[in-house]
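# Architecture at a glance
Residues per chain are reported as follows:
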Amino acid sequence: MQETKIGFIGAGNMAASIIGGLISQGQPPANVFASDLDAAKLAALATSTGLKAASNTEIAQQADVIVLAVKPQVMAAVCRELAASLGERRPLLISIAAGINLAALTSWFGSDARLVRCMPNTPALVGSGASGLFANAQVDSGQREIANALMSAVGLALWVDKETQIDSVTALSGSGPAYFFLMLEAMQDSAVKLGLSPEVAKALSYQTALGAAQLALASSETTEQLRRNVTSPNGTTERAINAFEEGDLRGLVDSALKAAHARSIELAEEN
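Not measured: the values here are computed from a predicted model. (Residues numbered from 1 in each chain as written. Predicted model: local features only at pLDDT ≥ 70, side-chain atom pairs only at ≥ 80, totals over all residues. Heavy atoms only, no water.)

### Comments concerning the overall build of the protein
In terms of regular secondary structure, the protein is built from twelve helices and eight strands. The C-alpha extent of the protein, read off along each of the three principal axes, is 70 × 40 × 35 Å. Here the protein holds 271 residues, and the buried ones make up 37% of them. Of the contacts formed within the protein by residues at least 6 apart in sequence, a portion of 63% connects residues at least 24 apart. Entry remark: accessible area of the protein is about 14,700 Å², with carbon and sulfur atoms responsible for 57%. (Helix = DSSP H or I, 4+ residues; strand = E, 2+ residues; numbered from the N terminus. Buried < 20%, exposed > 50% of the residue type's maximum accessible area, 1.4 Å probe, protein only. Contact = heavy atoms within 4.5 Å. Areas by Shrake-Rupley, 256 points an atom, 1.4 Å probe, with all protein chains shown as cover.)

### Digging into the sheet that holds strand β2 (residues 32–35)
Taken together, eight strands build an open sheet; the order of strands is β3-β2-β1-β4-β5-β6-β7-β8 and the sheet is mixed. Edge positions in the open sheet fall to β3 (52–53) and β8 (155–159), since each of these has one partner strand only. Where strand β6 (residues 114–119) and strand β7 (residues 129–135) come together, four bridges link them in antiparallel fashion. Paired with Met119 across the two strands is Gly132, which belongs to β7. (Pairing = 2+ DSSP bridges.)

### Observations regarding the environment of Asn234
Locating Asn234 in the fold gives a position in the loop between α10 (223–230) and α11 (236–246). Taking C-alpha positions, Asn234 is 55 Å from Thr49, a pair spaced 185 residues apart along the chain.

### Things to note about the side chain of Asn121
Inspection of the secondary structure assignment puts Asn121 in the loop between β6 and β7. Judged by relative accessible area, Asn121 falls into the buried class, the value being 6%. At 3.0 Å, the side chain of Asn121 and the backbone oxygen of Ser173 are in polar contact. Setting aside its immediate chain neighbours within four residues, Asn121 contacts Met14, Gly129, Ala130, Ser173, Gly174 and Pro177. (Polar contact = N/O pair within 3.5 Å; in protein donor to acceptor, adjacent residues only side chain to side chain.)

### Section: the packing of aromatic side chains
Under the defined criterion, the tally for this structure stands at zero aromatic pairs. The ring of Trp159 has Arg144 sitting right over it, with the charged end atom 4.1 Å from the ring centre. (Phe/Tyr/Trp six-rings, centres within 6.5 Å; stacked < 30°, edge-to-face > 60°. Lys NZ or Arg CZ within 6 Å of the ring centre and 35° of its normal.)

### Here we look at the state of the cysteines
This structure, assessed with the given rule, holds zero disulfides. Here Cys79 is not disulfide-linked; the sulfur of Cys118 is the nearest cysteine sulfur, at 15 Å. Cys79 gets classed as buried once you look at its relative accessible area, which sits at 0%. (Disulfide = S-S within 2.5 Å.)

### Notes on the pairing of β8
Strand direction decides the pairing type here: β7 and β8, joined by five bridges, are parallel. When the bridges of β8 are listed, Ala130 appears paired with Leu156. As for the winding sense of the linkage, the β-α-β connection from β7 through helix α6 (residues 141–152) to β8 is right-handed. (Right-handed = clockwise from strand over helix to strand, strands pointing away.)

### Describing the pairing of β2
What you see with β2 is no split at all: Val32 and Ala34 on one side and Phe33 and Ser35 on the other are buried throughout. In terms of strand pairing, strand β1 (residues 6–9) meets β2 through four bridges, oriented parallel. When the sheet's bridge partners are listed, Gly7 is paired in β2 with Phe33. Handedness of the crossover joining β1 and β2 through helix α1 (residues 13–24) is recorded here as right-handed. In the sheet, β2 pairs with β3 via two bridges, with the strands oriented parallel. Paired with Phe33 across the bridge in β3 is Lys52.

### Describing a nonpolar patch on the surface
A cluster of nonpolar side chains, contributed by Met183, Met187, Phe244, Leu249 and Val253, occupies part of the molecular surface with about 390 Å² of accessible area. When contributions to the nonpolar patch are tallied by element, the ones reaching two or more residues are α8 (176–193) and α12 (249–270). With respect to the element layout, Met183 can be found in helix α8. The partly exposed category is assigned to Met183, whose relative accessible area is 34%. (Patch = residues over 30% accessible without salt bridge, like charges linked within 9 Å, V, L, I, M, F, W, Y side chains within 5 Å. Salt bridge = Lys/Arg side-chain N within 4 Å of Asp/Glu carboxyl O.)

### Some remarks on the nonpolar core
Counting residues in hydrophobic clusters, the biggest one holds 33 residues, and the most contacted among them are Phe8, Ile18, Ile94, Ile96, Val116, Leu150 and Met151. Considering every element that reaches this core, the biggest residue donor is α1, with five residues. If we ignore the near neighbours within four places in the chain, the residues touching Ile18 are Phe8, Ile96, Leu150, Met151 and Val154. Counting residues in each nonpolar core, the second largest holds 29 residues, with Ile9, Ala97, Leu105 and Trp108 among its members. (Core = buried A, V, L, I, M, F, W, Y, C linked by side-chain atoms within 4.5 Å.)

### Considering the side chain of Arg117
Relative to the helices and strands, Arg117 is located in strand β6. Discounting residues that sit within four places of it in the chain, Arg117 has contacts with Ser95, Gly99, Ile100, Asn101, Leu102, Gly132, Leu133, Phe134, Glu163, Ile166 and Asp167.

Below, the structure is given as structure tokens:
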């Protein structure tokens, strides 16, 4: 991996987080390249990480792995230009753009392109991301290992069996941080109404969310059992859980994930 030359087309927050994770885990900055239309942002990233600022053409000519990290609406134009610069080269291409499926990428790069579609999420910015990956048939086992190592640098990386499952990953973990932020907002608002200061409500809600996640990760018990462990009969937690169930929280969550899943499919069709 350390000898692998990795190029990033686009140097936004997600790309910067992956770059930082790679370098912190021992990837030589000299083997990391990045391009971006924002020259000042690219220069700042190069200064802070030691990577090489480059053009799309230079990345196409040198990189063994190219991470496509531009916005979905400009992906087609960027990929067509990149494909022309690649010529006969066939590096591993990893797309982290939402709504861009393998059919679209293949139409731009050709049927022999080695493609991985990845759905990361924003906690990658703090090294706690959750990414789903799917590769086409042209990607070999060694390249899968490279893609896995690249995304594991910023958190959990899991492979899915079918490309259509990327839409499910999008609905669960890709959009998922916003669901928890909304829950935290609601909990803080209620706690303030119950007399806590905004600062105390914020600190306690954040730590409670963190502690619950860490406990779930450390435990061999199911989340259902963990919930039961906290829920004493006729206690405060049971009263709150009953209120959630009476309000059909499960149905709301199901509707929300289905809506995100449907929109993910729509975005792919639009591109």
